[in-house]
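Notes for the structure review
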Amino acid sequence: MTSAKSVYIAYVGGTIGMVKTPSGYQPAAGYLRQQMEAMPELQDERMPRFVIHEYTPLLDSSNMTPADWLEIAQDITDHYDQYDGFVVLHGTDTMAYTASALSFLLQNLGKTVIVTGSQIPLVEMRNDARPNLIDSLLIASSYAIPEVCLYFNTKLFRGNRTVKVNASGFNAFDSPNYPPLGTVGVDISIDPTHVLPHPAEPFRFARLTSQPQVGQIRLFPGISVDVVKNLLQPPIQGVILETFGAGNAPDKDQAFLDAIKAAVDRGVVVVSCTQCLYGTVDLDAYATGSALKACGVINGYDMTAESALTKLYTLFGLGYDGNTVRALMETNLRGELTPPKR
Ligand code: ASP
């Protein structure tokens, strides 16, 4: 008897299904499906039934854009009622962006969505693709985790908390400011206290009404005010400012502060996220942070820059005005930020 559960696999691209070419690894149509059909483990009676939808063209995730996030969200929505869980096979390079974006686009998610991939293709003798694929299929079909998750190297993370931290190790992802939702060892262990509650409202895909203009500026010592001004030019609507430490910036550089304030006064939403992997922004901790606050910069708390950027994109895309976007950016919507203790 096979498992009665079913999983929809959206195969978007990434190393997991790539082949070696003279110019390096590239995706190849039909190849991953062939490999999977030859895997006896996937025919095991404890595995869920699954279908693979291969995207055209398959992408190295470095080529992905917000249009691809929307296509995946639409695909999951179109098949939401027919399957118990969803696995998105994706490249690792921008996987944290896609997992974050999906978490904001899919509202009142009541089923498990797992984004995964690998550092070595499934076709290679030694690879991390096999366990990542098998574990993701088992978790997506056996547990009710109403979240967009990212599974990699024995850990199940909340997608919008993840960062790619390793370009070559199997431990490619981490979730610095939120514990894993689960771990896989001898047993699969999910911690229900870390998982979001089931939604009270029905699932829906938040369709965007525009293509927002958002950006990201990483501060560095001596950053030129012209670079900052250029990035803040219209039609930009929102910017993630990757600040030093607890949310700090050069408050002795008046031209820099003036450029930020002028943009905020024009209605640009500027969100401070820390360059540090761990910890949170506190714009009151230092004079260099409160100078930004005085310019109207808002607090990204412990959001990753990936999460903050995709959140900003989704909120503007939904058509919210600047003030609502400002308020929602500081609000915990999908477990992506830890609100300050009052
Ligand atoms: N460049 C690849 C991609 O992001 C890397 C990977 O999948 O690991 O598609």
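Calculation notes
Residues numbered from 1 in each chain as written. Predicted model: local features only at pLDDT ≥ 70, side-chain atom pairs only at ≥ 80, totals over all residues. Heavy atoms only, no water. Helix = DSSP H or I, 4+ residues; strand = E, 2+ residues; numbered from the N terminus. Buried < 20%, exposed > 50% of the residue type's maximum accessible area, 1.4 Å probe, protein only. Salt bridge = Lys/Arg side-chain N within 4 Å of Asp/Glu carboxyl O. 1 Å grid on protein atoms, 1.4 Å probe; cavity = no way out; pocket = protein on both sides within 12 Å on 5 of 7 lines; lining within 4 Å. Points joined across faces, edges and corners; volume = space filled by probe spheres on them. Nonpolar A, V, L, I, M, F, W, Y, C, P; charged D, E, K, R; others polar. Phe/Tyr/Trp six-rings, centres within 6.5 Å; stacked < 30°, edge-to-face > 60°. Lys NZ or Arg CZ within 6 Å of the ring centre and 35° of its normal.

Moving on to unusual backbone geometry. Looking along the chain, the bond that leaves Thr56 and enters Pro57 is cis, with omega of -10°. Here the amide bond leading from Pro234 into Pro235 is cis, since omega sits at 10°, within 30 degrees of zero. One can find Pro235 in the loop between helix H5 (225-231) and strand S16 (238-243). With a phi close to 50°, Asn153 is a non-glycine residue in the positive phi region. Topologically, Asn153 is positioned in the loop between strand S8 (148-152) and strand S9 (155-158). For Asn153, a relative accessible area of 29% translates into the label partly exposed. For Tyr301, which is not glycine, the phi dihedral falls at a positive 45°. Position of Tyr301 among the secondary structure elements: in the loop between strand S18 (298-299) and helix H8 (305-317). On the basis of relative accessible area, Tyr301 is assigned to the buried category, the value being 11%.

According to the stated counting rule, one finds nine salt bridges in the structure shown. Lys164 is the partner of Asp93 in a salt bridge, and the nearest nitrogen-oxygen pair spans 2.8 Å. In this pair, Asp93 sits in the loop between strand S5 (85-89) and helix H3 (95-105) while Lys164 sits in strand S10 (residues 163-164), placing the two residues 71 residues apart along the sequence.

Quick look at the layout of surface pockets now. Put simply, the largest pocket is a space of about 270 Å³. If you go around the largest pocket, you meet 16 residues; those closest to its centre are Asn108, Leu109, Pro146, Leu196 and Arg334. Around the second largest pocket sit 17 residues that line it, and Val163, Thr274, Cys276, Thr304 and Ala305 are the ones nearest its centre. Within the lining of the second largest pocket, the residues separate by chemical class into six nonpolar, five polar and six charged.

Turning our attention to the packing of aromatic side chains. Tallying each qualifying case throughout the model produces seven aromatic pairs. Plain terms: the ring middles of Tyr83 and Phe86 are 6.4 Å apart, the flat faces sit at 65° to each other, and that makes the pair edge-to-face. In this structure, Tyr83 and Phe86 share a single accessibility class: buried. Members of the aromatic cluster, joined through ring pairs, are Tyr8, Tyr80, Tyr83, Phe86 and Phe203. Here Lys111 stacks its cationic end above the ring of Tyr80, 4.9 Å away from the centre of that ring.

That's the geometry; what it means functionally is another story.
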